[in-house]
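Each chain, written out:
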Amino acid sequence: TIDPAEYRQVIAAGGDGTMNNCVNAMIRNNIDLPLAIFPAGTANDFSYYLDLPLEINSMIDIALGSNFTYSDLGRANDKYFLNVAPMGTMVDVSQKTDPNLKSILGVLSYYIRGIIEVPNLKPIPVRITSEEFSGEEHMYFMLIMPGRSAGGFKRLSPSAEINDGLFDVIVFREMPLTDF
């Protein structure tokens, strides 16, 4: 077992999925340490929010430095999420995207896979209740996120802050596919 008192922080290289896996492993194992991120994924939405560099020496300088920030952390059932909790159709686009294509095209590969999935869109009835909105909708998918970007779309929620205790909810309502 790992004794967190022996360590100063956890350093992980990867994208948003890797960071979510790290956070969940840290929580399951009661590891309460800062998490330093080396952005090495496809979209790196969470790292983008933090304006982390992509050059290795700069990553090391930041990771070994003493500056850190807190981040809101969401939970859906028994899983935690750091950047986004997607629901509905098309939420598994990143998992369905060929890793070789991701290596070649980067985030563009997600967009191509998303276009392929558009004919499979089926609206899902949902009931949403919050202080700001209460009602029933038919949606294609929904994103719950503390940050500004998801899936490589950098400014989905431009005024969001990752550490304000709030999550933005973006609902992609049923509409004609030509409007979508």
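(A) The arrangement of the overall build of the protein in detail. If you tally the helices and strands in the protein, you get 6 helices and 8 strands. Shown N-terminal to C-terminal, the secondary structure of the protein runs as helices and strands in the order β-α-β-α-α-β-β-β-α-α-α-β-β-β. A compact globule built from 180 residues would reach a C-alpha radius of gyration of about 16 Å, and the protein, at 18 Å, matches this within 12%. For the protein, the share of sequence-separated contacts (at least 6 apart) that also reach a separation of at least 24 residues comes to 63%. Here the protein has roughly 11,300 Å² of accessible surface; of this, 54% comes from carbon and sulfur atoms. One finds the centroid of the 13 positive side-chain charges in the protein at a distance of 5 Å from the centroid of its 22 negative side-chain charges.

(B) Just the pairing of strand S1 (residues 10-14), in detail. Taken together, the 5 bridges between S1 and strand S2 (residues 35-39) define a ladder with parallel strand orientation. By the bridge assignment for S2, Ile11 is matched with Ala36.

(C) Main features of the packing of aromatic side chains. The full count for this structure, using the stated rule, is 4 aromatic pairs. Between Tyr111 and Phe153 the ring centres are 4.7 Å apart and the planes differ by 40°, which places this aromatic pair in the tilted class. Placement of the pair is Tyr111 in helix H6 (residues 108-117) and Phe153 in the loop between strand S7 (134-145) and strand S8 (168-173), with a sequence separation of 42 residues. Using a relative accessible area of 26% as the deciding quantity, one classes Tyr111 as partly exposed. By relative accessible area, which is 47% here, Phe153 ends up partly exposed. Pairing Phe141 with Phe172 gives two aromatic rings, centres 4.3 Å apart and planes at 25°, and the pair type is stacked. Of this pair, Phe141 sits in strand S7 while Phe172 sits in strand S8, and the two are 31 residues apart along the sequence. For Phe141, a relative accessible area of 12% gives the class buried. Across the ring face of Tyr48, the terminal group of Lys154 is positioned such that the distance to the ring centre comes to 4.4 Å.

(D) Layout of unusual backbone geometry. Here the phi dihedral of Asn30 falls at roughly 55°; this positive angle occurs in a residue that is not glycine. Along the chain, Asn30 turns up in the loop between helix H1 (16-28) and S2. At Asn77, a position not held by glycine, the phi torsion is positive, near 60°. Looking at the element boundaries, Asn77 is found in the loop between strand S3 (74-76) and strand S4 (79-81).

(E) Geometry of the pairing of S7. The pairing of strand S5 (residues 85-88) with S7 spans 4 bridges and is classified as antiparallel. When the bridges of S7 are listed, Ala85 appears paired with Ile144. Note that strand S6 (residues 124-129) and S7 share 6 bridges and pair antiparallel. Residue pairing across strands places Ile124 opposite Met139, the latter belonging to S7. Between S6 and S7, which pair antiparallel and follow one another directly, the connecting turn spans 4 residues. Here 6 bridges tie S7 to S8, and the two strands are oriented antiparallel to one another. Each bridged residue has a counterpart across the sheet, and for Met139 the counterpart in S8 is Arg173.

Cut-off values and rules
- Residues numbered from 1 in each chain as written.
- Predicted model: local features only at pLDDT ≥ 70, side-chain atom pairs only at ≥ 80, totals over all residues.
- Heavy atoms only, no water.
- Helix = DSSP H or I, 4+ residues; strand = E, 2+ residues; numbered from the N terminus.
- Rg over C-alpha atoms; globule rule 2.2 N^0.38 Å.
- Contact = heavy atoms within 4.5 Å.
- Areas by Shrake-Rupley, 256 points an atom, 1.4 Å probe, with all protein chains shown as cover.
- Lys, Arg positive; Asp, Glu negative; His and termini not counted.
- Charge placed at Lys NZ, Arg CZ, Asp CG, Glu CD.
- Pairing = 2+ DSSP bridges.
- Phe/Tyr/Trp six-rings, centres within 6.5 Å; stacked < 30°, edge-to-face > 60°.
- Buried < 20%, exposed > 50% of the residue type's maximum accessible area, 1.4 Å probe, protein only.
- Lys NZ or Arg CZ within 6 Å of the ring centre and 35° of its normal.

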